[in-house]
Amino acid sequence: NAGVTQTPKFQVLKTGQSMTLQCAQDMNHNSMYWYRQDPGMGLRLIYYSASEGTTDKGEVPNGYNVSRLNKREFSLRLESAAPSQTSVYFCASRAGHTRGNSPLHFGNGTRLTVT
Amino acid sequence: DAKTTQPPSMDCAEGRAANLPCNHSTISGNEYVYWYRQIHSQGPQYIIHGLKNNETNEMASLIITEDRKSSTLILPHATLRDTAVYYCIVRVADSPLGGSARQLTFGSGTQLTVLP
C-alpha cells in the first residue's frame, strides 16, 4: 500500500495562475482532508470531505476549491494563486465514521511557492 | 473539539525517556486524546491515542490522568530520529451514522530535540 500520495511534490506559480493539487489514498478511507502549513506554524484545515460526495469548509477555505472525485481522490484547486498561498499543503485521510476513532494518515506534502 | 496546551519546546538526552505533557482541561467524556509527530519536511505521523485508559504501542506510551484533564506521551528510549514536533489533539469519535464531519485542528505542538 502506498498510503496517501500527493502530486506534485513541488510547484512554483506566478500570481494569478491556477493549479490543482492531487491527492489519492489506497486505504479505502471514507474521510479526506486538506491542510496548509506555514513556516513555524501548526496545520490549518482548508477543506475536508467526510465521505464521498460531500465537502465542507475548514478554518481557511478562502481562495481554494475542492473536489471529491471518488472515494480515493480529493483534489484542491487554486483558481488564482496569490503569494499568501505560498505554503506546504498536506492531504490526509482516515477511515471515518465506520471506525469512529480512527487516526489520520498524511501524505508527504506539496511545497507551493507563488511569486 | 477541546483546546490543548503544550510547551513550545523540550530537550531530552539520547537514550533517556522523553515525557511530553499536554493539558486539555475542557475535555469532554467522549473525546479521545491523539498524538502525532512531524519530522522536518515530512507529513505528520500518527503515534497513539486513548480515551481514559493508559495505552502502549511499539512507538510510545500514553498516560491519561484520572480526571482526563491532562496526558503525557512517553518515548521510553529517545533517539536522535525522535527529534520532531509533537502534536496533542483531542476530539470526539465520529458517530456510526456519520453525522457532521469532524474537523481535526492542529496547534503549534512541542518541538522535541533529542541531544546526543
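Asks: Is there a simple way to think about the sheet that holds strand β6 (residues 61-64) of chain B in this case?
Replies: Either a parallel or an antiparallel arrangement is found when strands of a sheet pair, and the pairing is made through backbone hydrogen bonds. Residues and elements named next belong to chain B. Spatial ordering of the open sheet is given by β2-β7-β6-β5, a layout of four strands whose pairing is antiparallel. For this open sheet the edge positions go to β2 (18-23) and β5 (55-56), each flanked by a neighbour on one side alone. Here β6 runs beside strand β7 (residues 70-75); their pairing, made up of four bridges, is antiparallel. Note that in β7 the partner of Leu62 across the bridge is Leu73.

Asks: Mind showing me how you'd approach the state of the cysteines here?
Replies: Joining two cysteines, a disulfide is a covalent bond between their sulfur atoms. Residues and elements named next belong to chain A. Scanning the entire structure with this criterion turns up two disulfides over all chains. Each sulfur of the disulfide joining Cys23 and Cys91 lies 1.9 Å from the other. In this structure, the disulfide formed by Cys23 and Cys91 twists by about -75° around the S-S bond and is classed as left-handed. In this pair, Cys23 is assigned in strand β3 (residues 19-25) and Cys91 in strand β9 (residues 87-94), connecting sequence segments 68 residues apart. Judged on exposure class, the residue Cys23 and its partner Cys91 are both buried.

Asks: Just checking my understanding: could you explain the nonpolar core for this structure?
Replies: Generally speaking, nonpolar side chains in soluble globular proteins are found buried as a group. In this structure, Trp35, Leu73, Tyr86 and Leu112 of chain B are the most contacted members of the largest nonpolar core, which totals 21 residues. Counting residues per element, the ones that place at least two in this core are β2, β3 (31-38), β4 (45-50), β6, β7, β8 (84-92) and β9 (110-115) of chain B. It is β8 of chain B that contributes the most residues to this core, four residues altogether. When sequence neighbours within four positions are dropped, the list of residues in contact with Leu112 of chain B reads Met10, Asp11, Cys12, Ala18, Leu20, Leu75, Asp82, Thr83, Ala84 and Tyr86 of chain B. Core analysis: the next-biggest nonpolar cluster, separate from the first, contains 19 residues, Leu21, Cys23, Ala81 and Cys91 of chain A among them.

Cut-off values and rules
Residues numbered from 1 in each chain as written. Chains lettered and ligands numbered in written order. Predicted model: local features only at pLDDT ≥ 70, side-chain atom pairs only at ≥ 80, totals over all residues. Heavy atoms only, no water. Pairing = 2+ DSSP bridges. Helix = DSSP H or I, 4+ residues; strand = E, 2+ residues; numbered from the N terminus. Disulfide = S-S within 2.5 Å. Buried < 20%, exposed > 50% of the residue type's maximum accessible area, 1.4 Å probe, protein only. Core = buried A, V, L, I, M, F, W, Y, C linked by side-chain atoms within 4.5 Å. Contact = heavy atoms within 4.5 Å.

Just distances and angles here, no functional claims.
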